[in-house]
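Chain by chain, the residues run as shown.
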Amino acid sequence: MQSIYDYTLDELKQELKPSFRAKQVYNWIYKKYATSYDDMKNLPKDLVATLKENYAINILKIVNKEKSSDGSIKYLFELHDGHTVEAVLLLMKKKKIAEDGTIERSEKYTVCISTQVGCKVGCTFCLTAKGGFVRNLTVGEIVDQIVEIKKDNEIDANKSVNIVYMGMGEPLDNYENFVKSVRVFNEEE
């Protein structure tokens, strides 16, 4: 079953009719962090049934997270096939609050995400290649890392985060899925 996160908005508009339903689904998964189609109360029951039957929504599972003294959080995600990948949330700047209680500067985050299970490049400074290359991540598996981390840390959906593709794997060895994930991340919706 394909993940709902595998689709750009335009692609989802081609899949769902009428096409405005795609925006509603995008709103639920990317702004409200819905984890079930049953939560999508403005969708008709027949569409919810179709979504459940054809598009997975919970594709990554957080199996471990480690928080460091600097506030960084390393995540270990389990994929549908039992393989695991890592991602890291980095707090780049802390929230700054003025004396009157207003926010002078909001926090800034960078998320380091993976694009492959393992890696075939074999850089001597990196441990990922020691386990060998297993497979490329799907677009949905790449995108869902950001969704899960934002959801887990209660980061507002409208809050942008810097994304770096420096986790496990070589992004350019998974070129098509890497590029498509960038397109999904850049959707206005």
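Note that the coordinates shown come from a computational prediction; the quantities given were computed from them, not determined experimentally. Throughout, a residue's number is its position along its own chain's written sequence, starting from 1. Local features in this predicted model are restricted to residues whose pLDDT is 70 or higher, and side-chain atom pairs enter the listing and the counts only when it is 80 or higher, whereas totals over whole chains, interfaces and linings include all residues. To get the side-chain values, all heavy atoms of the structure are used, and hydrogens and water are removed first.

Asker: What am I meant to see in the pairing of strand 5 (residues 84–93) here?
Answerer: At least two DSSP bridges between two strands are needed for those strands to be called paired. To qualify as a helix, a DSSP run of H or I must reach at least 4 residues; to qualify as a strand, a run of E must reach at least 2; elements of each kind are numbered from the N terminus. Alignment of strand 4 (residues 73–78) against strand 5, held across six bridges, turns out to be antiparallel. If you follow Leu76 over to strand 5, its bridge partner there is Glu86. Hairpin geometry of strand 4 and strand 5 is characterised by an intervening segment of five residues between the two adjacent antiparallel strands and by a positive phi of about 90° at Gly82. In terms of strand pairing, strand 5 meets strand 8 (residues 108–112) through five bridges, oriented antiparallel. Looking at the pairing, Val88 lines up with Cys112 of strand 8.

Asker: How should the nonpolar core be read in this particular structure?
Answerer: Among soluble globular proteins, nonpolar side chains are generally buried collectively. Residues belong to a common nonpolar core when they are buried Ala, Val, Leu, Ile, Met, Phe, Trp, Tyr or Cys residues joined through side-chain atoms within 4.5 Å. Burial classification: accessible surface area is computed with a 1.4 Å probe over protein chains only, and a residue below 20% of its type maximum counts as buried, one above 50% as exposed, and the rest as partly exposed. In terms of nonpolar packing, the biggest core is built from 50 residues, with Ile4, Tyr5 and Leu51 touching the most fellow members. Any two residues whose heavy atoms approach within 4.5 Å at even a single point are treated as in contact. The contacts of Leu51, once residues within four sequence positions are left out, are Ile4, Leu16, Val25, Tyr37 and Leu43.

Asker: What is the right way to look at the packing of aromatic side chains in this model?
Answerer: In this description, a pair of aromatic rings is defined by centroid distance and the angle of the planes. To pair, rings of Phe, Tyr and Trp, with the six-membered ring standing in for Trp, must have centres within 6.5 Å; the planes then decide the type, stacked if under 30 degrees apart, edge-to-face if over 60, and tilted in the middle. Evaluated as defined, the whole model comprises five aromatic pairs. For the ring pair Tyr7 and Tyr55, a centre distance of 5.5 Å and an interplane angle of 80° mean the geometry is edge-to-face. With Tyr7 in the loop between strand 1 (2–3) and helix 1 (9–15) and Tyr55 in strand 2 (residues 55–56), this residue pair connects regions lying 48 residues apart in the sequence. Measuring from centroid to centroid gives 5.7 Å for Tyr75 and Phe77, while their planes differ by 5°, and the two rings are stacked. For the pair shown, Tyr75 and Phe77 are each scored as buried.

Asker: Before we go on, may I ask you to explain the environment of Glu104 in this structure?
Answerer: Here Glu104 lies in strand 7 (residues 103–105). Glu104 gets classed as exposed once you look at its relative accessible area, which sits at 51%.

Asker: Where do I start with the sheet that holds strand 8 in this structure?
Answerer: Strands pair in a sheet through their backbones, by hydrogen bonds, and they do so in one of two ways: parallel or antiparallel. Across the sheet, five strands lie side by side as 3-4-5-8-11; this open sheet has mixed pairing. Two strands lie at the open edges of the sheet, namely strand 3 (61–67) and strand 11 (162–164), each paired on one side alone. Direction aside, neighbouring strands of the sheet carry axes that sit 20° apart on average. Helix 4 (residues 139–152) rests against strand 3, strand 4, strand 5, strand 8 and strand 11 of the sheet, and its axis sits at about 125° to strand 4. To get an axis, a line is fitted to the C-alpha atoms, and for a helix only the part in contact is used. The angle between two axes follows their N-to-C directions and goes from 0 to 180 degrees.

Asker: Would you mind showing me how to read the pattern of salt bridges here?
Answerer: Side chains that carry opposite charge are capable of pairing whenever their charged atoms lie near each other. Salt bridge, as used here, is a side-chain nitrogen of Lys or Arg placed within 4 Å of a carboxyl oxygen of Asp or Glu. Taken as a whole and judged by the stated rule, the model has seven salt bridges. The closest approach of N and O atoms between Lys52 and Asp38, which form a salt bridge, is 2.7 Å. With Lys52 in helix 3 (residues 45–54) and Asp38 in the loop between helix 2 (20–30) and helix 3, this pair connects stretches of sequence that are 14 residues apart. By relative accessible area, which is 40% here, Asp38 ends up partly exposed.

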